[in-house]
Amino acid sequence: MASFNRVILAGNLTRDPELRYTSKGLAISKLGLAINRTWKNEAGETKEEVTFVDVDSFGRQAEVVAQYFKKGRPILIEGRLRLDQWDDKQTGQKQSKLKVVLESFSFLDSKGSGDGVPSEPPPARPAAVPAATAAPEAPVPEAAPPEEDDVPF
């Protein structure tokens, strides 16, 4: 039997993304997403419900999400569902939580600090992980004007 695990959600962040790094230097960002649904009941009253979803992102995407997104900002995410299970240390009972693992995202607004620059940079990577050095950019040569082609259609 075939399986398919894909989630597409659009909502607002409930808190600032929490960015951390593993001991091997992998970035992990945790964020909360609120998805609102409004509808009218049989009496014509407008009703609203909010669903809260926890989202985990990894690698470069985690750094970008932490850099550009803040509480309240809208985001569109695509990902997959993952069930986390653990034993509660205090009660010894099994606990579980359904989360979304982010695979891609899109900005739903052009907000930010107004100048296109993030308000603050993400935290630095741990010292054990060498930061990638950017190579100096080579000047871009001006493109020659396009030649006219006679292509019969």
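Refer to the structure presented above.
Conventions and cut-offs
- Residues numbered from 1 in each chain as written.
- Predicted model: local features only at pLDDT ≥ 70, side-chain atom pairs only at ≥ 80, totals over all residues.
- Heavy atoms only, no water.
- Core = buried A, V, L, I, M, F, W, Y, C linked by side-chain atoms within 4.5 Å.
- Buried < 20%, exposed > 50% of the residue type's maximum accessible area, 1.4 Å probe, protein only.
- Helix = DSSP H or I, 4+ residues; strand = E, 2+ residues; numbered from the N terminus.
- Contact = heavy atoms within 4.5 Å.
- Pairing = 2+ DSSP bridges.
- Patch = residues over 30% accessible without salt bridge, like charges linked within 9 Å, V, L, I, M, F, W, Y side chains within 5 Å.
- Areas by Shrake-Rupley, 256 points an atom, 1.4 Å probe, with all protein chains shown as cover.
- Salt bridge = Lys/Arg side-chain N within 4 Å of Asp/Glu carboxyl O.
- Polar contact = N/O pair within 3.5 Å; in protein donor to acceptor, adjacent residues only side chain to side chain.

Caption draft 1: Expanded view of the nonpolar core. Counting residues in hydrophobic clusters, the biggest one holds 16 residues, and the most contacted among them are L9, L33, V55, I75, I77, V100 and F105. Those elements that place two or more of their residues in this core are β1 (7–13), β3 (27–40), β4 (46–58), α1 (59–68), β5 (74–87) and β6 (94–107). Apart from the residues lying within four places of it in its own chain, the contact partners of I77 are V7, I8, L9, L33, V55, V100, L102, S104 and F105. Grouped together as the second largest cluster of nonpolar side chains are five residues, L19, A27, A62 and A66 included.

Caption draft 2: Quick look at the pairing of β1. The sheet contact formed by β1 and β5 spans six bridges and is antiparallel. Bridge pairing in β5 links L9 to I77. Across two bridges, the pairing between β1 and β3 is antiparallel. Among the inter-strand pairings, L13 is bridged to a residue of β3, identified as L33.

Caption draft 3: Region of the structure containing a nonpolar patch on the surface. Taken together, the side chains of L81, L83 and L98 make up a nonpolar region of the molecular surface, amounting to roughly 280 Å² of accessible area. Relative to the assigned elements, L98 resides in strand β6.

Caption draft 4: Looking closely at the side chain of D84. In this fold, D84 is placed in strand β5. Of note is the side chain of D84, whose polar atom sits 2.9 Å from the side chain of R82. Setting aside residues no more than four positions away along its own chain, D84 makes contact with Q95, S96, K97 and K99.

Caption draft 5: The pattern of salt bridges, seen in detail. According to the stated counting rule, one finds 15 salt bridges in the structure shown. Across the salt bridge formed by K30 and D56, the nearest N and O atoms sit 3.5 Å from each other. Taken together, the residues span a long stretch of sequence, with K30 in strand β3 and D56 in strand β4 at a distance of 26 residues. Taking relative accessible area as the criterion, K30 reaches 32% and is therefore assigned partly exposed. For E103, the salt bridge goes to R80, with nearest N and O atoms at 3.2 Å.

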